[in-house]
Each structure stands twice: as structure tokens, then as C-alpha cells.
Amino acid sequence: MFKKLAFIAAILTLCVVVLGAYVRLSDAGLGCPDWPGCYGTLTVPQSNEALEHAHAAYPESPVEHAKAWKEMVHRYVAGILGILVFALFIQAWRERKNIKVSPWLPTALVGIVGFQAMLGMWTVTMLLKPAIVTMHLMGGMTTLAILTWIAHRHWGVLAANALKNSGAKLFVRFAMVILFVQIFLGGWTSTNYAALACTDFPTCHGAWMPEMDFANAFHWFRELGENKEGNPLGLPAYVAIQWIHRIGALITFLYLGSLGIYLMKRPQLRKLASIMLILLLVQIGLGIANLLLYLPTVLAVAHNMGAALLLMTVVMLNSKITAFRK
């Protein structure tokens with residue numbers, strides 16, 4: 001039961017991450033002005049009476065059914081995931097003598113998912129504040145990484161002896177750091193709506209070093225679209241966000257590319273290394289296409305999904321080279 005729950009929860013988390021990206025990128029993050037319901041109900045208002053009540057309660061937020069349903073479907077699926085994670089936590093302690101991870105890992109996951117729910121609420125109540133939305137994304141990716149680790153420990157084939165050199169293992173471990181930093185930069189770019197601050201490639205506004213405002217670009221506590229003084233955020237700040245994301249993408253490409261080529265020489269790791277290299281190339285291609293095609297929703301969502309799949313692959317590589325210890 002624990003194995004099955006871990007596998008289902010990992011797949012469902014991937015769905016939640018992709019749905020969350022779709023909600024954000026289709027500008028439906030405030031499709032429901034309250035939380036956890038929608039205009040005071042557990043579904044989207046449909047009848048005339050319900051619509052009148054919604055308008056009276058939230059006069060500044062008219063009901064847009066398409067956006068509201070996107071947001072509510074995301075909440076429903078996230079709610080199911082929360083139930084699965086809690087069930088996994090219960091099963092972990094019941095089967096703690098037989099499972100291949102510490103029961104404290106699913107226990108910590110319950111806390112992370114609970115905090116994720118709070119971040120989801122604050123995303124709405126704080127009107128898409130970049131810091132909150134980015135933390136929500138990182139929490140989702142962290143949940144995905146942990147569940148992928150748990151699932152792989154029970155379903156995957158381990159090969160702890162594939163890399164005997166501690167330096168080589170560190171090479172694989174540090175890929176997680178590189179990838180999480182780049183996911184953060186991508187999330188910060190998306191939540192600040194800075195993806196189209198530069199629409200040419202590889203230069204930005206025809207320059208390798210365009211005018212940039214780093215102080216306001218990465219000020220953590222500012223509101224959406226505002227600088228730290230509360231004035232409208234200028235183009236140089238958006239350019240700085242986009243430019244740093246590009247630099248992060250280059251570093252990620254070089255690091256994971258080098259890692260993948262290195263691991264291709266190890267027969268036990270070749271399959272996962274190949275998948276990682278393919279996903280890396282697709283991800284870079286999607287990033288460039290999003291710029292040149294002015295961020296079509298389908299490609300933007302695919303770019304988020306690519307990041308999630310790449311994360312899962314790197315987590316599985318780390319799990320594969322880690323010996324099982326009871």
C-alpha cells in the first residue's frame with residue numbers, strides 16, 4: 001500500500017505542478033477572490049441567485065467562469081493530493097519496518113503540504129505577491145522531489161556501486177542545487193511577468209549587457225509590479241530578472257550537459273542520463289521558443305512541465321546512486 005500511494009502521489013504532484021503553472025500563465029490565479037472556496041462556495045457560482053450573492057460579497061471581483069473553474073480544478077486536485085500525502089504518512093508509520101525510507105520523511109512532507117496550503121491562501125489574499133507565488137512554486141517542486149525520491153526507493157533499481165568516487169557522487173548531488181536555483185529563477189521570472197522583458201535572443205534589446213536594475217528586480221518584499229518604494233516597476237528591473245534567468249539557464253545547460261555526458265559512460269546510469277540530456281535539450285528549446293513566439297500558453301506550460309520532469313530525473317539519479325540503509 002505504501003509503494004502504491006507513493007507512486008500515485010508522485011504522479012499527482014506532477015499534475016498539480018503543471019495545473020498550477022497553467023492557472024498562473026492563463027492569468028487565472030485570482031479567478032476566485034477567496035480561499036478555499038470560490039465566492040463563498042465550494043464550487044463556482046452558477047445560478048442567478050449564487051451570482052447575485054457573489055457580486056454582493058465581492059463587488060470588485062466579477063465572476064469569470066473560465067478563470068474560476070481553472071482555479072477550482074487546481075484546488076480540487078491539490079486537495080486530493082493532500083489526502084494522499086496524509087495517507088502516506090499513516091502508512092509510513094504502520095509499515096515502518098518494511099519501507100525503504102525513514103517514516104520521518106513522509107511526516108515532514110505533511111508539514112510541507114500544510115504550509116503549501118497556507119501559501120495557496122496567501123497567494124490569493126496577498127494578490128499574487130511575487131515572493132508568495134514563488135515560494136508556492138518552490139514548495140510544489142520540493143513536494144514533487146520528495147515524493148519522487150520515496151517512489152524511486154521502492155520502485156526503482158538502485159546502483160550504489162555505479163559511482164565509487166565520492167567526487168563523482170558529489171557531481172550528481174550538486175545537480176540538485178543547480179536545478180533548484182534555476183527553477184527559482186524561472187519562478188521569479190514568471191511570477192513577476194518578466195518573461196517577455198527581452199524578446200530577442202541571444203541578446204536582450206540588441207545588447208549583451210542591457211540596462212538593468214538588480215536592486216528592485218530581486219527585492220523580496222515588494223508588491224507585484226511595484227518597486228521597493230511602491231512606485232511602478234521599471235523596464236530595467238524586468239530586464240534584470242529575465243537576464244539572470246538566462247544566465248542561470250546557461251549554467252544549468254553546461255552543468256547538466258557535462259553531467260549527462262559523464263554518466264553516459266556508466267551502463268547502470270546510461271538510461272537516466274539519456275533521459276536527462278533529452279529533457280535538457282527540449283527545455284532549452286522551449287525556453288527560446290517562448291521568447292521568440294511571445295509566450296504562447298501551451299509552450300509556457302510545457303516549459304514548466306519540462307522543469308518538473310527534469311527535476312524528477314535528477315532526483316531519480318541521486319536515489320539510484322544512494323545505497324539502501326535500514
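Now for a description of the structure that goes with this document. (Residues numbered from 1 in each chain as written. Predicted model: local features only at pLDDT ≥ 70, side-chain atom pairs only at ≥ 80, totals over all residues. Heavy atoms only, no water.)

A short note on unusual backbone geometry
With the exception of glycine, most residues fall at negative phi, and the peptide bonds are largely trans. A cis amide bond, omega 5 degrees, links tryptophan 35 with the succeeding residue proline 36. Positionally, proline 36 belongs in the loop between helix 1 (2-25) and helix 2 (48-57). The phi dihedral of tyrosine 39 is positive, around 55 degrees, even though this residue is not glycine. By the secondary structure assignment, tyrosine 39 is in the loop between helix 1 and helix 2. (Helix = DSSP H or I, 4+ residues; strand = E, 2+ residues; numbered from the N terminus.)

Things to note about the nonpolar core
Note that soluble globular proteins tend to have their nonpolar side chains buried in a common cluster. Residues Met141, Leu256, Leu263 and Leu311 are the most contacted members of the largest nonpolar core, which totals 38 residues. Of all the secondary structure elements, the ones that give two or more residues to this core are helix 1, helix 5 (130-155), helix 6 (166-191), helix 8 (235-263), helix 9 (270-292) and helix 10 (297-320). Broken down by element, the residue count for this core peaks at nine residues, all from helix 10. The residues contacting leucine 263, other than those within four sequence positions of it, are Leu163, Val172, Leu269, Arg270, Ala273 and Leu317. Counting residues in each nonpolar core, the second largest holds 21 residues, with Ala6, Val77, Ala92 and Ile146 among its members. (Core = buried A, V, L, I, M, F, W, Y, C linked by side-chain atoms within 4.5 Å. Buried < 20%, exposed > 50% of the residue type's maximum accessible area, 1.4 Å probe, protein only. Contact = heavy atoms within 4.5 Å.)

What to know about a nonpolar patch on the surface
The grouping of Phe7, Ile8, Ile11 and Trp155 at the surface amounts to a nonpolar patch, some 400 Å² of accessible area in total. Ranked by residue count, the leading element in the nonpolar patch is helix 1, at three residues. Looking at where phenylalanine 7 falls in the secondary structure, it is placed in helix 1. (Patch = residues over 30% accessible without salt bridge, like charges linked within 9 Å, V, L, I, M, F, W, Y side chains within 5 Å. Areas by Shrake-Rupley, 256 points an atom, 1.4 Å probe, with all protein chains shown as cover. Salt bridge = Lys/Arg side-chain N within 4 Å of Asp/Glu carboxyl O.)

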